[in-house]
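Okay, here's what each chain looks like letter by letter:
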Amino acid sequence: MKSVLLHVQEDEGLEARMQAALAIARASGGHLTCMHATPMSAYVGYEGFGGAYVLTGLLAQLEENAAAMQARIEAQLAKEDVAWSYEQQKSDPVSALLNGGALADLIVLGRAQDSRSAAYRPISVIGQLLGASHTPLLVCSNEQKRFDPLAPAVVAWNGSFEAANALRAALPLLKQASAVHIVTVDEDKNFDFPPLGASEYLSRHD
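Residues numbered from 1 in each chain as written. Predicted model: local features only at pLDDT ≥ 70, side-chain atom pairs only at ≥ 80, totals over all residues. Heavy atoms only, no water.

Chemist: Is there a simple way to explain the overall build of the protein chain in this structure?
Modeler: Secondary structure summary: the protein chain contains 7 helices and 9 strands in total. Per-residue burial for the protein chain yields a buried fraction of 37% across its 206 residues. A fraction of 74% describes how many contacts in the protein chain between residues 6 or more apart in sequence connect residues 24 or more apart. When the accessible surface of the protein chain is totalled, it reaches about 11,400 Å², and 55% of it is carbon and sulfur. (Helix = DSSP H or I, 4+ residues; strand = E, 2+ residues; numbered from the N terminus. Buried < 20%, exposed > 50% of the residue type's maximum accessible area, 1.4 Å probe, protein only. Contact = heavy atoms within 4.5 Å. Areas by Shrake-Rupley, 256 points an atom, 1.4 Å probe, with all protein chains shown as cover.)

Chemist: Help me out: how do you make sense of the pairing of strand E8 (residues 153–157) in this one?
Modeler: Looking down a regular strand, the side chains alternate between one sheet face and the other. Of the two faces of E8, only one is covered, namely that formed by Ala153, Val155 and Trp157; the face formed by Val154 and Ala156 stays uncovered. Both E8 and strand E9 (residues 180–184) contribute to a ladder of 5 bridges, which runs parallel. Looking at E9, one finds that Ala153 is bridged to Val180. (Pairing = 2+ DSSP bridges.)

Chemist: When you look at the layout of surface pockets in this model, what are you seeing that I'm missing?
Modeler: Each pocket or cavity is described by its volume, and for the largest pocket that value is around 730 Å³. Around the largest pocket, the lining is made up of 30 residues, and of these Pro136, Ala166, Leu167, Ala169 and Ala170 lie nearest the centre. For the lining of the largest pocket, the elements supplying multiple residues, two or more each, are helix H4 (124–132), strand E7 (137–140), E8, helix H5 (161–169) and helix H6 (171–176). Take the lining of the largest pocket: its biggest share by element is 7 residues, from H5. Broken down by class, the residue content of the lining of the largest pocket amounts to 23 nonpolar, 4 polar and 3 charged. (1 Å grid on protein atoms, 1.4 Å probe; cavity = no way out; pocket = protein on both sides within 12 Å on 5 of 7 lines; lining within 4 Å. Points joined across faces, edges and corners; volume = space filled by probe spheres on them. Nonpolar A, V, L, I, M, F, W, Y, C, P; charged D, E, K, R; others polar.)

Chemist: Would you mind showing me how to read the confidence of the model for the protein chain here?
Modeler: Predicted coordinates in areas of low pLDDT are best not read in detail. Looking at the protein chain, pLDDT values average 86 and 85% of them are 70 or higher. Ranking the elements of the protein chain by mean pLDDT puts strand E4 (residues 52–54) last with 52 and strand E1 (residues 3–7) first with 97. (pLDDT = per-residue confidence, 0-100.)

Chemist: Before we go on, may I ask you to explain the packing of aromatic side chains in this structure?
Modeler: Aromatic ring pairs: the centre-centre distance and the angle between the two ring planes describe each pair. Under the criterion given, the structure shown has 1 aromatic pair. Ring centres of Phe161 and Phe193 lie 5.0 Å apart, and the angle between their planes is 70 degrees; on these two criteria the pair is classed as edge-to-face. Of this pair, Phe161 sits in helix H5 while Phe193 sits in the loop between E9 and helix H7 (197–203), and the two are 32 residues apart along the sequence. Its relative accessible area of 49% is what places Phe161 among the partly exposed residues. (Phe/Tyr/Trp six-rings, centres within 6.5 Å; stacked < 30°, edge-to-face > 60°.)

In structure tokens, the structure reads:
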């Protein structure tokens, strides 16, 4: 995966997903793009009669926080052996990630974005991207300490179209894994694809 897009947002899972994105870019000799987006709604207050006004104090604080985070991350990335860039946008995070992800091989996200701020909603970014983006998503847990693209991989296979799409999207990562294990669950349902469909597909890609 030569182009990895990382959603940057000040939350408890930032370091975990940054390390995962770095590991993938490093293993593939790719480029890491950090994307931070602040929605314009975060700068606006609303009156009871329908009026709106810019919260200048909050605007200054948000921009100061964003600049401090960018400086910290850029200093950290300068020590890494990975090509990278940092983008700062004033737009809806979903729109920014959709646009940035159009020419990316992977979008790396956390499970929640800044639950301390009303400007961001946990899970909503993931849900919207799942429905709108054609770029594969990697969702990292906040507790994840390390991501090794070369370690053995496990594929959960239930014979569905969703599982087939995920399998194809993950192929570049699976090619790097030292081993690939396919786990199937015997369900009382009609499969879109046969139980051995995943192993047959992967065998054709060595």
